[in-house]
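Spelled out from the first residue to the last, the chains are:
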Amino acid sequence: MDNRPIGIFDSGIGGLTSIPYLLRQLPNERIIFFGDTARTPYGSKSVDTIRQFTLQIGDFLVKNNVKMMLVACNTISATSLDLLKETYPDIPIIGTISPTSRVIANKCNGMDRIGIMATTATVNSGVYIDKIKEKNYQLKNIFAIACPALVPLIEEGIIDNEIMDLTIKYYLDDFIKEKEIDTLVLACTHYPLIKRNLQRLYPDVSIISSSKEVAIAAKMELEDRDMFAEKPVGENYFYASDLSDNFVRMIELILGKDKKELNIDFQNLDI
Ligand code: DGL
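What you see is a predicted model, and the numbers here were worked out from it, not measured in a lab. (Residues numbered from 1 in each chain as written. Predicted model: local features only at pLDDT ≥ 70, side-chain atom pairs only at ≥ 80, totals over all residues. Heavy atoms only, no water.)

1. Section: the packing of helix H4 (residues 97-107) against helix H10 (residues 210-224)
Next up, step 1: At a minimum axis distance of 8 Å, the contact between H4 and H10 shows a crossing angle of 105°. For the element pair H4 / H10, the angle class is roughly perpendicular. Residues Pro 99, Thr 100, Arg 102 and Val 103 of H4 touch H10, and the partners they reach there are Ser 210, Glu 213, Val 214, Ala 217 and Met 220.
Next up, step 2: Each residue belonging to the contact of H4 with H10 can be placed in one class, and the counts come to five nonpolar, two polar and two charged. (Axes fitted to C-alpha atoms, helices over the stretch in contact; angles between N-to-C directions. Helix = DSSP H or I, 4+ residues; strand = E, 2+ residues; numbered from the N terminus. Parallel < 35°, antiparallel > 145°, perpendicular 65-115°, else oblique. Contact = heavy atoms within 4.5 Å. Nonpolar A, V, L, I, M, F, W, Y, C, P; charged D, E, K, R; others polar.)

The following block contains the structure:
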């Protein structure tokens, strides 16, 4: 048993999409969330910069005495998971890519045509395709596409409108048609926020979400290590490097509460 909080983080608001799954899986656990909203998006930055930012977040979470780190960000998972594990060897650290690849490897067969949509850094790392093939060698038709303009639009809250639909179509129309994609992987935790747009635009394509899989993996890890919290202790905290309206609105929406009832605070890491 371990009553310390779980640290969960992302470059921005994307990681918040894992929280409903996490709270459903683990109702007794307490969460400390950090979103680097001042410096998002990470996906178009260099690997060195992403790794430097990641360690700043890691240090912040360690100072807050977390028992586990949940990297609710594919870009950080693709570029910095090794660094995090080396730097904090005593803390279990779960990234998005292994759990999501496991689900793809189990669900899909050699006939499926899998499209990984992600940030530029995640696509450039090649990690998704390697991991999926490692887990199921029969899966040969795996294609990745970088969609760099989606995260900034989502961070701005531009979702239910034509600009978002046109941007999605700009990236995916030809990709889905030419590669005959039947399974789309949301390999960025921001993308569940546009899942409805994707389902409406491509109703025949099935969708797998990394936000859900990382939360399920967290539960399995805590179970294996006998680290569940005994009972709900304390409150959840949500920190951001810039308290944007959209960050606050997303938390209110996800938890169904007003910001006055929630612990939402600014935290500057760039010092
Ligand atoms: N939510 C992130 C991911 O899963 C990162 C988006 C970004 O900062 O570019 O990749």
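2. What to know about the sheet that holds strand E3 (residues 68-71)
Next up, step 1: Read across the sheet, six strands follow the order E4-E3-E1-E2-E9-E10 without closing on themselves; strand pairing throughout is parallel. Only two strands of the sheet have a single neighbouring strand rather than two, namely strand E4 (93-94) and strand E10 (263-266).
Next up, step 2: Where strand E1 (residues 6-10) and strand E2 (residues 31-35) come together, five bridges link them in parallel fashion. Directly across from Phe 9, in E2, lies its bridge partner Phe 34. (Pairing = 2+ DSSP bridges.)

3. Brief notes about the sheet that holds strand E6 (residues 142-146)
Next up, step 1: Read across the open sheet, the four strands follow the order E6-E5-E7-E8; overall the sheet is parallel. Unpaired on one side and paired on the other, E6 and strand E8 (206-209) mark the two borders of the sheet. Strand-to-strand twist of the sheet, defined as the mean angle between neighbouring strand axes without regard to direction, takes the value 25°.
Next up, step 2: Sheet analysis places strand E5 (residues 114-118) next to strand E7 (residues 183-186), joined by four bridges and oriented parallel. Residue pairing for E7: Gly 115 is matched across the bridge by Leu 184.
Next up, step 3: On top of the sheet, helix H6 (residues 127-135) reaches E5 and E6; it is set at about 160° to E6, its chief contact.
Next up, step 4: On top of the sheet, H10 reaches E7 and E8; it is set at about 45° to E8, its chief contact.

4. What to know about the site of the ligand
Next up, step 1: In the vicinity of the ligand lie 14 residues, with Ser 11, Tyr 42, Asn 74, Thr 75 and His 190 positioned nearest.
Next up, step 2: One of the backbone nitrogen or oxygen atoms of Gly 43 is found 2.8 Å away from an oxygen atom of the ligand.
Next up, step 3: Taking Thr 189, its main chain carries an N or O atom lying 2.8 Å from an oxygen atom of the ligand.
Next up, step 4: In isolation the ligand offers 300 Å² of accessible surface; the protein chains occlude 99% of this area. (Near = heavy atom within 4 Å. Polar contact = N/O pair within 3.5 Å; in protein donor to acceptor, adjacent residues only side chain to side chain. Areas by Shrake-Rupley, 256 points an atom, 1.4 Å probe, with all protein chains shown as cover.)

5. Section: the side chain of Asn 74
Next up, step 1: If you trace the backbone, Asn 74 turns up in helix H3 (residues 74-87).
Next up, step 2: Discounting residues that sit within four places of it in the chain, Asn 74 has contacts with Thr 96, Ile 97, Thr 122, Tyr 128, Ala 187, Cys 188, Thr 189 and Ser 210.

6. A word on the nonpolar core
Next up, step 1: Counting residues in each nonpolar core, the largest one holds 53 residues, and the members touching the most others are Met 117, Leu 172, Tyr 191 and Leu 198.
Next up, step 2: Tallying contributions element by element places helix H8 (residues 162-178) first for this core, with six residues.
Next up, step 3: Setting aside its immediate chain neighbours within four residues, Leu 172 contacts Met 117, Ile 145, Cys 147, Leu 184, Leu 198 and Tyr 202.
Next up, step 4: With 22 residues, the next largest nonpolar core counts Ile 32, Tyr 42, Ile 50 and Leu 61 among its residues. (Core = buried A, V, L, I, M, F, W, Y, C linked by side-chain atoms within 4.5 Å. Buried < 20%, exposed > 50% of the residue type's maximum accessible area, 1.4 Å probe, protein only.)

7. Concerning the layout of surface pockets
Next up, step 1: Taken as a whole, the largest pocket encloses approximately 390 Å³ of empty space.
Next up, step 2: Forming the boundary of the largest pocket are 16 residues, of which Thr 17, Pro 192, Leu 193, Arg 196 and Met 250 lie nearest the centre.
Next up, step 3: Listing elements by their share of the lining of the largest pocket, those giving two or more residues are helix H1 (19-25), helix H9 (195-201) and helix H11 (245-255).
Next up, step 4: Here the residues of the lining of the largest pocket are counted per class, giving nine nonpolar, three polar and four charged.
Next up, step 5: Estimated volume of the second largest pocket: approximately 190 Å³.
Next up, step 6: Lining the second largest pocket are 14 residues, with Ile 93, Ile 94, Arg 102, Ala 217 and Glu 221 sitting closest to its centre.
Next up, step 7: Put simply, the parts of the chain that give the lining of the second largest pocket at least two residues each are H3, E4, H4 and H10.
Next up, step 8: Among the elements that make up the lining of the second largest pocket, the one with the highest residue count is H10 (four residues).
Next up, step 9: Looking at side-chain class alone, the lining of the second largest pocket contains seven nonpolar, two polar and five charged residues. (1 Å grid on protein atoms, 1.4 Å probe; cavity = no way out; pocket = protein on both sides within 12 Å on 5 of 7 lines; lining within 4 Å. Points joined across faces, edges and corners; volume = space filled by probe spheres on them.)

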